[in-house]
Amino acid sequence: MEWRKVSKNTIVLLISIFFIQSFFFLYSLNIKEERSHIFGAEPYIQYNDEYKEKNKQYVEGYHKSIVDIIERAESMGGISIFATQDSFSQSNLEQTKKDFENMLDIQPTAFNDVFLKHYFDFDYINLFVAIGCVFIALSMVDNKRLGLRSILHSSYNGRVRLVLNKLFAMLKWDTIIVLIFYIGNLIISAFKFEGNILGCLCFPIQSVSYFSKFPYEMNIGYFLLLYLLFKIFLAFIVSLIAWLIMYCIDNTIISIGVIGLICATMYIVDRVIGTNSPINHIKFCNIWYLFKDISVFTEYKNLNWFENAVNKNILIYFSLASISVVCIAIGLIVGIKRYPCSSRTKNNNSILRFISKIKRFVISLPEKLSVGMLELYKIFIKQKGIIVVVLLDGLWIN
């Protein structure tokens, strides 16, 4: 089984990452508390009398806030610029009114939700999980560095089966990572803030003020289940993309560089494109946006889909499913078409012949350079100095 082939060093590394992020979680809570007491910045959430009163006011005023949103949508519908027939503006107002009318039946409950707020506030866990997913993807391509490709890729059926086994192995490990990391932090937060996990599972998720605009009637137990499934799906896509890049590119350093470039691109897209931009579909379907925090669940937004208002979460799920299908298809195609290194038939493939020509050109390139250009080639290409330059430029721009 492929999932058992993850090396002991990788497992130890994943365990180390878990303990590091757990320590960082507790450390960040202590830092928040000290800053709140000393500098008065970012009020530290504690379950005291003041918080109980605010929570009580939120629960009592929940239905009024929902009614205000519905009335605002109705009043805006009477304005000419929003009342154009068959327009996105009109569809958006109607969909907003419909969604929030369904939320009038929800009755939030006041309880000690401090541990949940601190749990969802810790965004760095997503970074640690993403790092773990990349290491899992890296462990799935170790065989080619061991010189076993000529054996593993010797038959058509073997190549297909190998790719499918690796995909299932990544899914299993991503599931393990997500469950351990996220459930572990939930337990840590509950212990620190004396929260009752089992006792709050039957309360509506809207009882936590962070999710006041979550447009679905759902209790906290079902929401946490949905949250974990969503994170597993995201982790699998991250591993899938990383594995596909490293599977198609033989050089591990170049593969990591490409992954870093993709991450930087997604970060820039998330920062540059606004929520009301005409191309905000790209922002909301961006993996960086989905992974960085819980905005996907706390922000209510309808997107323009051919002049129809569609909740952003529906398009997000559709885009993630499409990305995973495309990546799996590419992985299978590459696995089927990739021949053993010693096979003569690989030269009959036009794509592989083209790649072979590029490799021969790159190998012969230093012979055609002057002494100065040759030194630059050694520094920036051979010694990967170009990566340092790109990273410094990124830090400077940021």
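Residues numbered from 1 in each chain as written. Predicted model: local features only at pLDDT ≥ 70, side-chain atom pairs only at ≥ 80, totals over all residues. Heavy atoms only, no water.

Some details on the packing of aromatic side chains
Inclusion rule: Pairing of aromatic side chains requires ring centres within 6.5 Å, counting the rings of Phe and Tyr and the six-membered ring of Trp. Pairs whose planes differ by under 30 degrees are stacked, by over 60 edge-to-face, and all others tilted. Numbering goes from the N terminus for both helices and strands, where a helix is a DSSP run of H or I of at least four residues and a strand is a run of E of at least two. Three exposure classes are used, based on accessible area relative to the maximum for each residue type with a 1.4 Å probe and protein chains only: buried under 20%, partly exposed in between, and exposed over 50%.
Taken as a whole, this structure holds 29 aromatic pairs when the rule is applied. Centre to centre, the rings of Phe23 and Tyr27 are 6.1 Å apart; their planes meet at 15 degrees, and the pair counts as stacked. With Phe23 and Tyr27 both in helix H1 (residues 8-38) and four residues apart, the pair spans about one turn of that helix. Exposure remark for Phe23: the relative accessible area of 59% places this residue in the exposed category.

Things to note about the pairing of strand S2 (residues 308-311)
As a reminder, the rule being used: A strand pair is defined by DSSP finding two or more bridges across the two strands.
Note: strand S1 (residues 302-305) against S2, four bridges, orientation antiparallel. Bridged to Trp305 within S2 is Asn308. The turn linking S1 back onto S2 is made up of two residues, and Phe306 within it adopts a positive phi angle of 55 degrees.

Observations regarding unusual backbone geometry
A negative phi holds for most residues other than glycine; trans holds for most peptide bonds. Although it is not a glycine, Glu194 adopts a positive phi angle of roughly 55 degrees. Here Glu194 falls in the exposed class, since its relative accessible area comes to 69%.

Digging into the state of the cysteines
Our working rule: A pair of cysteine sulfur atoms is labelled a disulfide when the two atoms are within 2.5 Å.
Scanning the entire structure with this criterion turns up zero disulfides. A disulfide-free cysteine, Cys200 has its sulfur positioned 8.0 Å from the sulfur of Cys202, the nearest such atom. Left without a disulfide partner, Cys327 is nearest to the cysteine sulfur of Cys248, which lies 9.8 Å away. We classify Cys327 as buried; its relative accessible area is 10%.

Digging into the nonpolar core
Definition in use: The term nonpolar core refers to a set of buried residues drawn from Ala, Val, Leu, Ile, Met, Phe, Trp, Tyr and Cys, joined through side-chain atoms within 4.5 Å. Contact criterion: two residues are considered in contact whenever any of their non-hydrogen atoms come within 4.5 Å of each other.
With 75 residues, the main nonpolar core has Val129, Tyr182 and Trp243 as its most contacted residues. Here this core gets 19 residues from one element, more than from any other, and that element is helix H11 (residues 220-248). Every residue in contact with Trp243, bar those within four places of it in the chain, is listed here: Ala137, Met140, Val141, Val163, Lys166, Leu167, Met170 and Gly331. Counting residues in hydrophobic clusters, the runner-up holds ten residues, among them Ile66, Ile69, Ile70 and Met103.

Topic: the confidence of the model for the chain
Note the threshold: As a per-residue quantity, pLDDT reports the predictor's confidence and falls between 0 and 100.
Averaged over the chain, the pLDDT score is 79; the fraction of residues at 70 or greater is 73%. Within the chain, H11 carries the highest mean pLDDT (91), whereas helix H8 (residues 149-152) carries the lowest (51). Confidence drops under pLDDT 50 across residues 36-41; counting only partners more than four residues distant or on other chains, this segment forms seven contacts. Low pLDDT (under 50) marks residues 340-348, which in the prediction has 14 contacts with non-local residues, meaning those over four places away or in another chain.

Quick notes on the environment of Asn126
Quick reminder of the rule: Here a polar contact is recorded for every N or O atom pair within 3.5 Å, except that within protein the pair must consist of a potential hydrogen donor and a potential acceptor, and residues adjacent in sequence are included only if both atoms are side-chain atoms.
Here Asn126 lies in helix H6 (residues 124-139). A sequence separation of 109 residues divides Asn126 from Ala235, and the C-alpha atoms of the two residues are 9.1 Å apart. With sequence-adjacent residues up to four places away left out, Asn126 is seen in contact with Tyr182, Lys231, Phe291, Lys292 and Asp293. Of the polar contacts made by the side chain of Asn126, one reaches the backbone oxygen of Phe291; its length is 2.7 Å.

Quick look at the pattern of salt bridges
Stated formally: By definition, a salt bridge exists where a carboxyl oxygen of Asp or Glu is found within 4 Å of a side-chain nitrogen of Lys or Arg.
With the rule as written, the count across this model stands at five salt bridges. Linking Asp270 and Lys292 is a salt bridge whose minimum nitrogen-to-oxygen distance equals 3.1 Å. With Asp270 in helix H12 (residues 252-272) and Lys292 in helix H14 (residues 287-292), the pair connects residues that are 22 residues apart, well separated along the chain. Assessed through its relative accessible area of 28%, Lys292 is described here as partly exposed. The network of salt bridges with shared partners includes Asp270, Lys283 and Lys292.

What to know about helix H2 (residues 49-60)
Cut-off, in case you're wondering: Expected helix span is taken as 1.5 Å per residue step, with the number of steps being one fewer than the number of residues. In this context, the arc is that of the directions from the helix axis out to the C-beta atoms.
Spanning twelve residues, H2 covers 16 Å between terminal C-alpha atoms, matching the ideal 16 Å at 1.5 Å per step. When H2 is considered as a whole, its buried residues turn out to be Tyr51, Asn55, Tyr58 and Val59. Summarising the axial view, the buried residues of H2 lie within an arc of 95 degrees, below the 170-degree limit, and thus occupy one face. Exposed residues on H2 whose side chains face more than 90 degrees from its buried face are Asp49, Glu50 and Glu60.

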